[in-house]
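If you want the building blocks of each chain, they are given just below.
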Amino acid sequence: MEYIDLFFPEGFLWGSAAAAHQTEGGNHNNWSEWEKIPGKIKDGTNADVACDHYNRYEEDFDLAKELGHQVHRFSIEWSRIEPSFGKWDYTQIVHYKKVIESLVKRGIQPMVTLHHFTNPVWFAENGDWLNPESPELFGRYCRKIVQELSNYDVIWNTINEPMVVVTIGYLWGDFPPGHNDFGKAIQAAKHLLMAHGQASTQIREVYSEKGLDQPKIAPVLSTSYIMPENPEDPEDLELAEYIDNLYNHLWIESAITGRILNPMGDGQRYAPLENSVDFIGVNYYSRMVVSSKRDFMAGEIAPKDPYRVRCEGLEWEFYPEGYYHQIMDYWKKYQKPIFLTENGIGTSDDRIRQRYIISHLQQVHKAIQDGAKVDGYLVWSLTDNFEWAQGFSSHFGIIECDFDTLKRKPRESAFMLRKIIKDNGLVKETQETYLA
Ligand code: IFM
């Protein structure tokens, strides 16, 4: 195979992403409660300690800096900030200020996610995302955070992967609150959409009250290339189109148009959504094959291609072609800049991760060549961490974390990424070395 140098646009940002509950340890929220229920976490573990990132963030950011990262995405844990309704914990706010300062000091741009799957226990006990007041409750927390943190140069992510919260938590029942109900799933999707609107409105208001320049705001989507199992079967084609719209587009189209679209609503305007999306955060891992002969709503997915490598535990196929497709699809439909906020694979075989990252970046490069405006790429994740229902059995880190000793050790993929960042692209030699 003959490779050519593939350079990325000047100013393209590179780094990694992580989330509070998966790394920090010491959280008390709806997930820590869920983890206590036997059978919910595949390997029976919990995130009580996780990577102890709460106490070791300086060490982790030293590594990120050594590895050349320019941006780091992390989340603020709502349950720490507001452990009971209306009660703000200022020591935790100070903690996150220090986290941001620690990134800034190292020349790393903070990208802050306001919601990454977890909720305070009091919020969950009050109906979680089914509570009609949930968007405003989330908005109040966002206002508090932004009042405290707006003096820093932060890129804001409102909600991480709303459709994952909805699908796995309200339709398939494998994440809290564990419902299996399409009506509830749609209701939760609507409230998460409104919560995104509330968050961005609070951010805009606080910055303008303080006379600050408006920051960049984005929701973060989990996207999957939805394919029909039998492309010759009109029913499979129709189902693929339906799921693609429901999973990949309904939510973001509503956020961008400011209208709560069917089936979440009847297209009515929701003012807080106006001007709520400066760019789209896109997380891509794999494709999803659907068939009219299987019950997607009950979580039945078509069998995997036996020749494709899979992600540990999650079984997602190594499918880089879908990355190009999804980036182009979002770019063509919405014409908003895209930031690739997560991409990676859970594996203990780092050679697979190296091939995964390079093959996916080749697709990103192709999309940029074909006109998509893509501003950055973040690998998931900086370190191995608590992979939700998989526990610690899926290793996504470019840095290995030994969960007995909590020692960190960069994998070869971390050094490979450092070279990619330094070159601002995939030079011929990098591709030859890591795709060999
Ligand atoms: O670990 C998760 C992350 O929290 C959200 N996006 C997908 C990752 C891998 O499953």
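To start, this report covers the structure provided alongside it. Residue indices begin from 1 for each chain and proceed along its sequence in written order. With the structure being a predicted model, the display of local features is reserved for residues of pLDDT at least 70 and the display and counting of side-chain atom pairs for 80 or more, all residues being used for whole-chain, interface and lining totals. Hydrogen atoms and water are omitted, and side-chain values are computed over all heavy atoms in the structure.

1. A short note on the nonpolar core
Here comes step 1: Each nonpolar core is a collection of buried residues, namely Ala, Val, Leu, Ile, Met, Phe, Trp, Tyr and Cys, held together in the definition by side-chain atoms within 4.5 Å. Each residue is assigned to one of three classes by its accessible area relative to the maximum for its type, calculated with a 1.4 Å probe on protein chains only: buried under 20%, partly exposed between the two thresholds, exposed over 50%. Formed by 123 residues in total, the largest nonpolar core has its most connected members in Phe138 and Trp156.
Here comes step 2: Looking at which element gives the most residues to this core, the answer is helix α9 (residues 182-209), with twelve residues.
Here comes step 3: Any pair of residues with heavy atoms lying within 4.5 Å of one another is described as a contacting pair. Leave out the neighbours within four places in its chain, and Phe138 touches Trp78, Leu114, His115, Trp129, Thr158, Ile159, Ala195 and Ala199. Helix and strand assignments come from DSSP, with helices taken as H or I runs of at least 4 residues and strands as E runs of at least 2, each series counted from the N terminus.

2. Regarding the packing of helix α8 (residues 162-171) against α9
Here comes step 1: Here an axis means a line fitted to C-alpha atoms, over the contact stretch when the element is a helix, while the angle between two N-to-C directions is reported on a 0 to 180 degree scale. α9 packs onto α8 with a crossing angle of 155° between their chain directions and a minimal axis gap of 9 Å. One finds that α8 runs roughly antiparallel with respect to α9. Crossing handedness for the pair α8 and α9: right-handed. Contacts from Pro162, Met163, Val165, Val166, Tyr170 and Leu171 of α8 reach α9 at Phe182, Lys184, Ala185, Ala188, Ala189 and Leu192.
Here comes step 2: Among the residues making up the contact of α8 with α9, the classes are represented as eleven nonpolar, no polar and one charged. Geometric relationships in this document are graded by angle, where less than 35 degrees denotes roughly parallel, more than 145 denotes roughly antiparallel, 65 to 115 denotes roughly perpendicular, and other angles denote oblique. Left-handed describes a crossing whose near helix is turned anticlockwise from the far helix through less than a right angle; right-handed describes the clockwise counterpart. Polarity classes work like this: nonpolar for Ala, Val, Leu, Ile, Met, Phe, Trp, Tyr, Cys and Pro, charged for Asp, Glu, Lys and Arg, and polar for all others, with Gly in that last group.

3. Remarks on the packing of aromatic side chains
Working definition: an aromatic ring pair is given by the centre-to-centre distance plus the angle between the planes.
Here comes step 1: For this analysis, a ring pair means two rings from Phe, Tyr or Trp (six-membered ring only for Trp) whose centres lie within 6.5 Å, classed as stacked if their planes differ by under 30 degrees, edge-to-face if by over 60, and tilted for the remaining angles. Considering all chains together, one arrives at 29 aromatic pairs under this definition.
Here comes step 2: Between Phe138 and Tyr141, the ring centres sit 5.6 Å apart and the planes meet at 50°, which makes this aromatic pair tilted. Pair noted here: Phe138 and Tyr141 are both in helix α7 (residues 134-149), with a separation of three residues, about one helical turn.
Here comes step 3: On the basis of relative accessibility, which here comes to 0%, the residue Tyr141 falls in the buried class.
Here comes step 4: A cation over a ring is seen here: Lys366 above Tyr324, with NZ or CZ 4.0 Å from the ring centre. By the criterion adopted, a ring carries a charge over it if an Arg CZ or a Lys NZ lies within 6 Å of its centre and within 35 degrees of its normal.

Any functional reading would require information that these geometric values do not contain.
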